[in-house]
Amino acid sequence: MKIVLQHLTKRFPNRNKKIKEDVIAVNDFDFEIPDGKLIGLLGPSGCGKSTALNLICGLEKPSEGKIFFGENDVTDIPPEKRGVGLVFQNYALYPHLSVRENIRFPLENLKGKDKLSKEEMEAKVVEAAKLVQIEELLDRKPNEMSGGQQQRVAIARALIKMPGVLLLDEPLSNLDARLRLQTREELKRIQLETGITTVFVTHDQEEAMSISDIIVVMKDGVLQQMGKPQDIYDEPVNLFVAKFLGTPQINVFNGKIKDGRVLIKDSVIMEAPGKLDTDVYVAVRPEGFILDKDGKLECRYINREVMGRDTSVIAEHDGFIGEHIRAIIPSEEKTNVKDGKIRFSLKQFKVRVFSKETEERIDI
Ligand SMILES: Nc1ncnc2c1ncn2[C@@H]1O[C@H](COP(=O)(O)OP(=O)(O)OP(=O)(O)O)[C@@H](O)[C@H]1O
Ligand SMILES: [Mg+2]
């Protein structure tokens, strides 16, 4: 089921007496989430991700705007009638109930024609437990399971009524690194198997990149960019998005456009025919550096960190903003350091230029 957000805005009163303005947690969201896709809602802490999710499920009422599920306006429909499954960071399982009872819980309160027999409920519980691969654990209590298993119970419970929409708010952040990786692959599999339109909230860009069909990047309540993970990585619309996606972070230099060329200090980095002279940020992805003894960008060499297949070359440059440049190169390549200096040429499609004034990207 597709989800349509129309000029969706949520304001909270600011309790700080010195500040009059409201907090705008979600600011004019106006886009469509396509049917059957997994959307990663990504942004730093406090940018409004949970608020956006709570608006979609109905736990928060919008200050302005509308929400549609398919063709139905659900803006004024209470959460329990919207047909959404919800999973939170802290699994929120009932500790005194068994896994079976926890998963079955949403079915117990069904009334009238929706009411299910004991056998029907059991069949559904087993089906959901199979989907998240915990059918052997149905008789345990939550505290007798690992965090990852508990989170699967929470997912099974959210799926038991086969919701049209599944909403997950940082569901993996309580898990350790390995379990997190495993559970996110599981989640992707479950989403593909069920085809349920899913919104997945995270502040972890790698997590969002790896499982989302579409990423929505937000900052201070405002949508920055929406698109396929690779497209956003390659073609960020502004400096914030460029810096938020990718590890190590994109390398940002002070630069300028002069006489139709992009420069860092006095080094010409690329041609920019027809572009007006202006101050810019020149941002280079770590994998955009090529070791080249004739390269135009001369840096002070600091050291190299071998990470198996790749090596991180760490360097300094007077035009660089931040501490150190991090260039990722294949480990077998020799770092040609001469008098403490190292030279790089740059892969043009890994270099992005942003206006210093607006921080918007300048298409070159
Ligand atoms: N009930 C509320 N009353 C007032 N302000 C609120 C309320 N809920 C959220 N906010 C504010 O709205 C903004 C967005 O909060 P939200 O919880 O949606 O962020 P988030 O992106 O989910 O952050 P995190 O990654 O830390 O969970 C924050 O500035 C927060 O302080
Ligand atoms: Mg949150």
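The rules behind the values
- Residues numbered from 1 in each chain as written.
- Chains lettered and ligands numbered in written order.
- Predicted model: local features only at pLDDT ≥ 70, side-chain atom pairs only at ≥ 80, totals over all residues.
- Helix = DSSP H or I, 4+ residues; strand = E, 2+ residues; numbered from the N terminus.
- Expected span 1.5 Å × (residues − 1).
- Buried ≥ 20, exposed ≤ 12 C-beta atoms within 10 Å, placed from the backbone.
- Arc of directions from axis to C-beta.
- Contact = placed C-beta atoms within 7 Å.
- Pairing = 2+ DSSP bridges.
- Near = placed C-beta within 6 Å.
- Nonpolar A, V, L, I, M, F, W, Y, C, P; charged D, E, K, R; others polar.
- Axes fitted to C-alpha atoms, helices over the stretch in contact; angles between N-to-C directions.

Engineer: Just checking my understanding: could you explain helix α3 (residues 118–131) for this structure?
Structural biologist: Within an α-helix, residues lying three or four positions from one another point in the same direction, as the helix has 3.6 residues per turn. The terminal C-alpha atoms of α3 lie 20 Å apart, and with 14 residues this matches the ideal 20 Å at 1.5 Å per residue to within 8%. The complete set of buried residues in α3 reads Lys 124, Val 125, Ala 128 and Ala 129. Angularly, the buried residues of α3 cover 135 degrees about the axis, an arc narrow enough to put them on a single face. Turned more than 90 degrees away from the buried face of α3, the exposed residues are Glu 119, Glu 120, Ala 123 and Lys 130. The elements touched by buried residues of α3 are α2 (99–108) and α4 (147–159). Trailing α3 by a residue or two, Gln 133 shows a phi angle of about 60 degrees, which is positive.

Engineer: Looking at this model, I keep getting lost on the sheet that holds strand β12 (residues 261–264). Mind explaining?
Structural biologist: Note: strands within a sheet are paired through backbone hydrogen bonds, in either parallel or antiparallel orientation. Here six strands make up an open sheet; going across it, the order is β13-β12-β11-β14-β20-β21 and the pairing antiparallel. With one partner strand each, in any of the chains shown, β13 (267–271) and β21 (361–362) form the two edges of the open sheet. Sheet topology note: the β12/β13 ladder contains four bridges and is antiparallel. When the bridges of β13 are listed, Leu 263 appears paired with Val 268.

Engineer: How should helix α1 (residues 49–57) be read in this particular structure?
Structural biologist: Counting buried positions along α1 yields nine of nine residues, so the element is predominantly enclosed. Along α1, the positions that sit buried rather than exposed are Lys 49, Ser 50, Thr 51, Ala 52, Leu 53, Asn 54, Leu 55, Ile 56 and Cys 57. Following α1 by one or two positions, Gly 58 has its phi on the positive side, about 100 degrees.

Engineer: What is the right way to look at the environment of Gly 274 in this model?
Structural biologist: Relative to the elements of secondary structure, Gly 274 occurs in the loop between β13 and β14 (278–284). Look at Gly 274 and you get exposed, because 7 C-beta atoms sit within 10 Å.

Engineer: Mind showing me how you'd approach the site of ligand 1 here?
Structural biologist: Surrounding ligand 1, one finds Phe 12, Val 23, Ala 25, Gly 43, Ser 45, Gly 46, Cys 47, Gly 48, Lys 49, Ser 50, Thr 51 and His 203. Of all the secondary-structure elements, those providing two or more residues to the shell around ligand 1 are β2 (23–33) and α1. Looking at which element gives the most residues to the shell around ligand 1, the answer is α1, with three residues. Taken together, the residues of the shell around ligand 1 break down into four nonpolar, seven polar and one charged.

Engineer: Even after reading the chapter, I still don't get the sheet that holds strand β7 (residues 165–169), so can you show me in this structure?
Structural biologist: Within the open sheet, the six strands sit side by side as β6-β7-β8-β3-β9-β10. Their pairing is mixed. The strands lining the two open edges of the sheet, one partner per strand, are β6 (84–87) and β10 (222–227). The mean angle between the axes of side-by-side strands here comes to 15 degrees, regardless of whether they run parallel or antiparallel. Relative to β10, strand β9 (residues 214–219) is paired through five bridges, and the arrangement is antiparallel. By the bridge assignment, Ile 215 is partnered in β10 with Gly 227. Sitting on the sheet, α4 touches β6 and β7, and the angle it makes with β6 is about 165 degrees.

Engineer: How do you make sense of unusual backbone geometry when you look at a structure like this?
Structural biologist: Among all residues except glycine, the phi angle is most often negative; among peptide bonds, the trans geometry is most common. Look at the link from Thr 247 to Pro 248: it is a cis peptide, with omega at -10 degrees. Relative to the helices and strands, Pro 248 resides in the loop between α8 (239–244) and β11 (251–258). Here Asp 28, not a glycine, exhibits a phi torsion of approximately 55 degrees, which is positive. With respect to the secondary-structure elements, Asp 28 resides in strand β2. Asp 28 gets classed as partly exposed once you count the C-beta atoms within 10 Å, which come to 15.

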